[in-house]
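Chain residues, written in single-letter form:
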Amino acid sequence: MHGYDHKKIETKWQKAWAKKGLYKTSDKVKGKDNFYLLVEFPYPSGNLHVGHWYAFSVPDILARMMRMQGRNVLYPIGFDAFGLPAENAAIKNRVNPRKWTLGNIEFMKKQIRSMGTSFDWSREILTCDPAYYKWTQWLFLQFFKRGLAYQKETPANWCPKDKTVLANEQVVDGKCERCGTQVIQKEMPQWNLKITDYADRLINDLDALDWPEQIKESQRNWIGRSEGYEIDFPLVFDDGKKYKYVLLHGYTGHASDARWQWIRRELEALGHEVIIPELPNTDDPSEEEQVEVALHATEYDERTVLFGHSLGATVAMKVVEKLTAPISRLVLAGAVVNPRFKDKKRPFEKKFSWRFDPEAIKKNAKSITVLHDPRDYAITEKQRQLIENMLNLKARLCSTTEPHFTGDREPDLLMWLRPTIRVFTTRPDTLYGGTFLVLAPEHPWIKAALQNDGHRKSVISNEAEIQRYVENAAKKTERERQESKEKTGVELMGVKAINPTTGAEIPLWVADYALMGFGTGALFGDAHDARDVAFAKKYGIPLRETIEPLFIQETGLDKIRSDEPFTERNSIHAFVKHWSDEKYMAVHYVPSDINECVSGGIEEGEDAVTAAQREIREETGYSKARFVRKLGNRVHAKYYSVERKKNMFVHFTPLLFQLEDDTQEEISASEKARHEVSWLSKEEVGRFFNRDDIRLGWSRVENDIPYEGKGILFDSGEFSGLTSDEAMPKIGEKFGRLVKHYRLRDWIVSRQRYWGVPIPIIHCATCGPVAVPDKDLPVKLPEVRDYLPDGKGKSPLAKVIKFVQVKCPRCKSSAQRETDTLDTFVDSSWYFLRYTDPKNKKKFADANKMDHWMPVDLYSGGAEHTTMHVLYSRFWQKAMFDLGLVKDKEPYVRRMNRSIILGPDGQKMSKSHGNVIDPDEVVARLGADTVRMYLAFIGPYSEVSSFPWNPDGVVGVRRFLERVWNAGQKLAVQEKRVDALRHILHKTVKKVGDDIIALKFNTAISQLMIFLNAAEKEKKIGKEQWETFLRLLAPFAPHMTDELWHSAGRKRSVHMESWPKYDESLLKDERMTMAVQINGKTRGEVTLASDSDKTVQEQAARSVVATRLQGKNVLRAIVVPGRLVNFVVAD
RNA sequence: GCCGGGAUGUCGGAAUUGGUAGACGAACACGACUCAAAAUCGUGCGAGGCAACUCGUGAGGGUUCGAGUCCCUCUCCCGGCACCA
């Protein structure tokens, strides 16, 4: 036998495997379970780097072992062949992108084959192959037909360098993810996929996935769900008749009814015009008559608010249906859409059609509000649901004075009638403290208010100033705005909002710290948000606190005892300044081991200040404490009182005192024992206090920072005294409604570039966008002369007249083909499905074949795709599921992110660093088996990290393989097994198998090394043992092991052999070494038979440390069988 | 700021999940072979100490017979999100 010639061996076996089709995978093999192992297919950039090796050759170990373990493993490969680099190369070097791409693929395939991976090349797919992209187009059209793909004129991320639009996910820090150019916003018609419809499911379904938390958390953050409440703030104007209210009364009602007249007075007082037509035949009304009167009562225009109560609501809807121009608002209270009264028939039931045209209603009313009181005797829940469904909205729940809105005064009605600004909040518990509104500069209400048609004045009196601010804000990019944390804004003069909780008039401001892209583009400012407080202070806007902090002690001696009631108490925290030094009093309260200030209860008839002065005197003796000031509002705490033996719920008033002099009275011994008093500097005392309630009070001595946390409400009407968590849903429901907002935007898939899948849509002047019929698919990418985009937003395809000019498939009139191409992430959103049936000409994949393989058992890829490809393909799968095209809601059972291989210097590999490792060179020198195995050995594969390439480390692995190679001749391979290796071999079989499944290839390899070390020590090995070892090594070093396997006289490839089994009973050695400890410290060891029992072990251990135990009192001995014996000894 | 993950020799990393910390590899040192070097083989290799022994898993505290592992407080590093109401 000769030296280890990796070149000869590796080419030999790669050819042999290919010739035999060793890795060709059947869809189903009797008696074998399928296993689908997926790695992200590469982009054909032209050259393979170490990262590719890491991505493909290491998971190959798992694929190979799974096969040996009797699984039918699909380990496919292909190329993500569309994309910009091909096109950029085409523009630069005047080559055809297809030729460039296919040439690269040819070269890279050779490189990939040199890895010795067990890819099934018969299933190779190319996304730029018309046979593949036919189905990309077909799937896109299925989405289009279900409204999941739509075209919309939207501001989109435009990369001026790549001259194309990018998805949000492809913009990093405002720059193009690909080329680093600053992205600008450009308004263009774009094809979108409705990924936002799936936002909730994309988040919720993560819970059931057994994926690394990092990946799940990234996706959650990216989708960015925030749950909160939308609350409407009514507006009032200074300039008089801005709105015209038309109020329609109900059955048996009259215009003269007290409540309508009351609302009239209230609205007129706000300067609005009010019209209340008397509807005819109020006791026996008919639709025709009433609608006629209402319709002609006045002119309906964009300033009109139409209100209908009860049957009047029905009339109002009928009126709106008939309008030709939209009105501002339609408000309905106690509305009926389908009357089925059980008790008695009403005469009007048959005189109204009860048929509505919801589309016309929605079209003719810019906004619709439905009011409902759950106690309403006339309107059932069913009725409410009917109208909600019809108009596709949620009713606002009111508490009326008379359930059917029939009280003489109905404040809720009035509240909803006035024009409103809708804000979004996650903290409705602070709503009573909302003292101003902030609108984003892009807020539509401002746009509308600033519109000046020359006839009427804007409602805003400082129009010019607002205009300037809005324009200035528009000039700045989002980044520029965020760079200056200094808040700016302008008050909107001539208009006030009404806080719905208090009825207080509050100012409206435009400020660019409100973002149109989040929530409703408007927020209410309050005293419990640092940003709002900063803004309010800058502009002198009043603030109103409504939350006092509540701390619950959960550690220490004073942690609350569960299941025990709380005793409430009013109390003080007194911070006491020294009479001359810059020092503060620090009290150590002994019974509960608390570091605090002076604290104590307020007794009957006392005020806080006297109580505090008394406590200072009692606890410390100092009698001349001068009151300086109150330190903000109260602070609440729940804790356990060690002295009272009770759970306490205490309301502290934090106060600041200064001693006038050192006058001190004698205090009792018991007080002295309970309180240890000292004087500390500001810094020291800050560190000294170890209870949150005291720290909070203390923080107010220095500065007045707003309290942003949750707590207990005060000055909040009926909700005062509740905790934030209790109050939030209550306040939210009463004044607004629960909504969810997402950061995620729809996925823009149009690309204004050549080298991609043509979007299979035809634009027709009469029919709109029309799907290309299935029979005409694929829409093939035409050849063009010039690949340069025009830079104005049209792809090079737009210049190919033959391609563009087509007949509309529907009406046959002349039409234009869509010339944008699809984002390459669309191609890769379903490629794993195609692998299951790559040659199918009739379907994207056969349902049965997908059943065999999907979902993917393990998907290994790069962390950079967490919020891109992985998210997109999850969405795609869910959309396909909804269309009945696939059976799984999730595409990947298990997903793992791979680490990065750094250069030898620990830097990211790059040409500029000069630290790039060329795998081809290393393979030529040391062999593919060595490179594969080194990469597997470099660190745990399943954890995201980064590993520097260590040239010495590769050589170390090569050394190991050479030792294996030489073992065949140096070790005496004998027929008889070597007993000394028996146990360790079984242990190795178990560990290697377990570790591979856990993707801990590094420890599997170290176990193989341990075994070889042991065998070398013995200088001999049994033939069967040797062959077992070769089978264990086969997944790691497939070429060498097959060579050795054959030279051991075997005819079949080692990769067709089955994985060795281990005997549970042989995992333990016959003799074992146990540690002997005294008080947990190792003092010796003892070796004895593995099956010895506990008492034997203890006795053996005792004799080992006998001298040390002499004269000591052994309290007890802890025996952990097989591990250690620990003697607990008294000093 | 919020959320997630992490920190172990000179380096990459192990540690049966509470049981002898540092497996395996690399680097380094010494020895053998050699005229010599490389390769190979052998030995050593956390720190301090002649030794007995002491200390040691980012820092501090706690629980436990026993803590890298569990609990509390803090520091730093990596990742995601962020004037997000």
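Small disclaimer: the values here were computed from a predicted structure and weren't measured.

Asker: Help me get a handle on helix 6 (residues 130–145), residues and values and all.
Answerer: For helix 6, which comprises 16 residues, the first-to-last C-alpha distance of 22 Å matches the rise-based estimate of 22 Å (1.5 Å per residue) to within 8%. Within helix 6, 12 of the 16 residues are buried, leaving the element largely enclosed by the surrounding structure. All of the buried residues along helix 6 are Y132, Y133, W135, T136, Q137, W138, L139, F140, L141, Q142, F143 and F144. Residue G147 follows helix 6 closely and has a positive phi angle near 75°.

Asker: Could you give an account of helix 35 (residues 1038–1047), naming the residues involved and the relevant values?
Answerer: Of all 10 residues making up helix 35, 8 are buried, and the element is well covered by its neighbours. Among all positions of helix 35, only P1038, H1039, M1040, T1041, D1042, E1043, L1044 and W1045 are buried. The first or second residue beyond helix 35 is G1049, which carries a positive phi of 100°.

Asker: How would you sum up the protein's contact with RNA strand B? Please name residues and give values.
Answerer: Near RNA strand B lie 58 residues; those nearest to it are F518, R531, R743, R1108 and R1123. In this structure, I938 approaches RNA strand B through a main-chain N or O atom, which is 2.5 Å from a sugar or linking oxygen. Measuring from a sugar or linking oxygen of RNA strand B, one finds a side-chain N or O atom of N950 at 3.4 Å. For the surface near RNA strand B, the class distribution of residues is 19 nonpolar, 21 polar and 18 charged.

Asker: Give me the state of the cysteines: which residues, what numbers.
Answerer: On inspection of all chains with the given rule, the structure shows 0 disulfides. Between C767, a cysteine without a disulfide, and C811, which holds the nearest cysteine sulfur, the sulfur-to-sulfur distance is 3.6 Å. Given a relative accessible area of 22%, C767 falls into the partly exposed group. C764 provides the cysteine sulfur closest to C811, a residue in no disulfide bond, and the two sulfurs are 3.5 Å apart. Take C811: its relative accessible area is 33%, and that puts it in the partly exposed class.

Asker: Account for the sheet that holds strand 34 (residues 750–751), naming residues and giving values.
Answerer: Strand order in this open sheet of 3 strands is 34-40-35, and the pairing throughout is antiparallel. The open sheet terminates on both sides in strands that have one partner only, identified here as strand 34 and strand 35 (757–758). Judged from the 2 bridges that link them, strand 34 and strand 40 (residues 821–822) form a sheet pairing that is antiparallel. Within strand 40, the residue paired with R751 across the bridge is T821.

Asker: How would you explain the environment of S592 if you had to name every residue and give the values?
Answerer: With respect to the helices and strands, the residue S592 is situated in the loop between strand 24 (583–589) and strand 25 (594–596). Under the relative-accessibility criterion, S592 is labelled buried at 3%. Measuring from C-alpha to C-alpha, the distance between S592 and V642 comes to 5.8 Å, with 50 residues separating the pair along the chain. Look past the residues within four positions of S592 in its chain and what remains in contact with it is L557, D558, V642 and R691.

Asker: Mind laying out the pattern of salt bridges, listing which residues take part and the relevant values?
Answerer: All chains considered together, the criterion is met by 62 salt bridges. Salt-bridge contacts for D373 lead to R375; the nearest nitrogen and oxygen are separated by 2.9 Å. Judged by its relative accessible area of 49%, R375 is partly exposed. Between R963 and E1016 there is a salt bridge, and its shortest N-O distance comes to 3.2 Å. Here R963 is found in helix 31 (residues 951–970), whereas its partner E1016 is found in helix 33 (residues 1001–1018), with 53 residues between them in sequence. On the accessibility criterion, R963 (30% relative accessible area) is partly exposed.

Asker: Any details on the pairing of strand 26 (residues 598–601)? Residues and values, ideally.
Answerer: Where burial is concerned, the two faces of strand 26 agree: the one with V598 and G600 and the one with S599 and G601 are both buried. Across 4 bridges, the pairing between strand 23 (residues 566–577) and strand 26 is antiparallel. Paired with H573 across the two strands is S599, which belongs to strand 26.

Asker: Break down the nonpolar core for me, with residues and values.
Answerer: Residues W747, F844 and F1036 are the most contacted members of the largest nonpolar core, which totals 178 residues. Excluding anything up to four places from it in sequence, F1036 contacts I61, D929, R932, M933, V992, I996, F1001, A1004, I1005 and L1008. Y243, V305, W509 and F524 belong to the second largest nonpolar core, which has 72 residues in total.

Asker: Please give an account of the packing of helix 6 against helix 28 (residues 869–882) that cites residues and values.
Answerer: Where helix 6 meets helix 28, the axes come as close as 11 Å, and the angle between the chain directions of the two elements is 65°. Regarding helix 6 and helix 28, the two cross each other, and that crossing is left-handed. Between helix 6 and helix 28, the contacting residues are L139, F140 and F143 on the first element and F875, W876, A879 and M880 on the second. A breakdown of the residues in the contact of helix 6 with helix 28 according to their chemical character gives 7 nonpolar, no polar and no charged.

Asker: Would you mind going over unusual backbone geometry in detail, with residue names and values included?
Answerer: Note: most peptide bonds trans; most residues except glycine with negative phi. Following L777, the chain continues into P778 via a peptide bond in cis, with omega recorded as -5°. When you line up the elements, P778 lands in the loop between strand 37 (768–771) and helix 24 (801–804). Following M854, the chain continues to P855 via a peptide bond in cis, the omega torsion being -5°. Looking at the secondary structure, you find P855 in the loop between helix 27 (847–853) and strand 41 (858–862). One non-glycine residue, D715, adopts positive backbone phi at about 50°. One non-glycine residue with positive phi stands out, namely L999, at about 60°. Its location among the elements puts L999 in the loop between helix 32 (982–997) and helix 33.

Asker: Outline the side chain of S226, listing residues and values.
Answerer: As for its position among the elements, S226 is in strand 10 (residues 226–237). Setting aside chain neighbours within four positions, we find S226 in contact with F424, F518, V739, K740 and H741.

Asker: Any details on the packing of aromatic side chains? Residues and values, ideally.
Answerer: Scanning the entire structure with this criterion turns up 54 aromatic pairs. Relative to Y835, the ring of Y831 lies with its centre 5.5 Å away and its plane at 70°, an arrangement referred to as edge-to-face. Here Y831 and Y835 have matching classes, each one buried. Each residue in the set F143, Y198, W747, F825, Y872, F875 and W876 is aromatic and connected to the rest through ring pairs, giving one cluster. In this structure, K318 is placed above the aromatic ring of F356, and the distance from its NZ or CZ to the ring centre is 4.6 Å.

Asker: Tell me about the sheet that holds strand 48 (residues 1081–1089), residues and numbers included.
Answerer: Strand order in the open sheet formed by 4 strands is 48-47-50-49, with mixed pairing between adjacent strands. Unpaired on one side and paired on the other, strand 48 and strand 49 (1113–1120) mark the two borders of the sheet. Pairs of neighbouring strands in the sheet enclose a mean axial angle of 20°, with direction left out of account. With 4 bridges connecting them, strand 47 (residues 1071–1078) and strand 50 (residues 1124–1130) associate as parallel partners. When the bridges of strand 50 are listed, I1078 appears paired with F1127. With respect to the sheet, helix 36 (residues 1094–1104) is in contact with strand 47, strand 48, strand 49 and strand 50, its orientation differing from that of strand 48 by roughly 130°.

Asker: I'd like to hear about the environment of K447, residue by residue, with values.
Answerer: With respect to the element layout, K447 can be found in helix 15 (residues 444–450). Relative accessible area serves as the criterion here: at 57%, K447 is assigned to the exposed category. Separated by 20 residues in the primary sequence, K447 and Q467 have C-alpha atoms spaced 9.2 Å apart.

Criteria and thresholds
- Residues numbered from 1 in each chain as written.
- Chains lettered and ligands numbered in written order.
- Predicted model: local features only at pLDDT ≥ 70, side-chain atom pairs only at ≥ 80, totals over all residues.
- Heavy atoms only, no water.
- Helix = DSSP H or I, 4+ residues; strand = E, 2+ residues; numbered from the N terminus.
- Expected span 1.5 Å × (residues − 1).
- Buried < 20%, exposed > 50% of the residue type's maximum accessible area, 1.4 Å probe, protein only.
- Near = heavy atom within 4 Å.
- Polar contact = N/O pair within 3.5 Å; in protein donor to acceptor, adjacent residues only side chain to side chain.
- Nonpolar A, V, L, I, M, F, W, Y, C, P; charged D, E, K, R; others polar.
- Disulfide = S-S within 2.5 Å.
- Pairing = 2+ DSSP bridges.
- Contact = heavy atoms within 4.5 Å.
- Salt bridge = Lys/Arg side-chain N within 4 Å of Asp/Glu carboxyl O.
- Core = buried A, V, L, I, M, F, W, Y, C linked by side-chain atoms within 4.5 Å.
- Axes fitted to C-alpha atoms, helices over the stretch in contact; angles between N-to-C directions.
- Left-handed = near helix turned anticlockwise from the far one by under 90°.
- Phe/Tyr/Trp six-rings, centres within 6.5 Å; stacked < 30°, edge-to-face > 60°.
- Lys NZ or Arg CZ within 6 Å of the ring centre and 35° of its normal.

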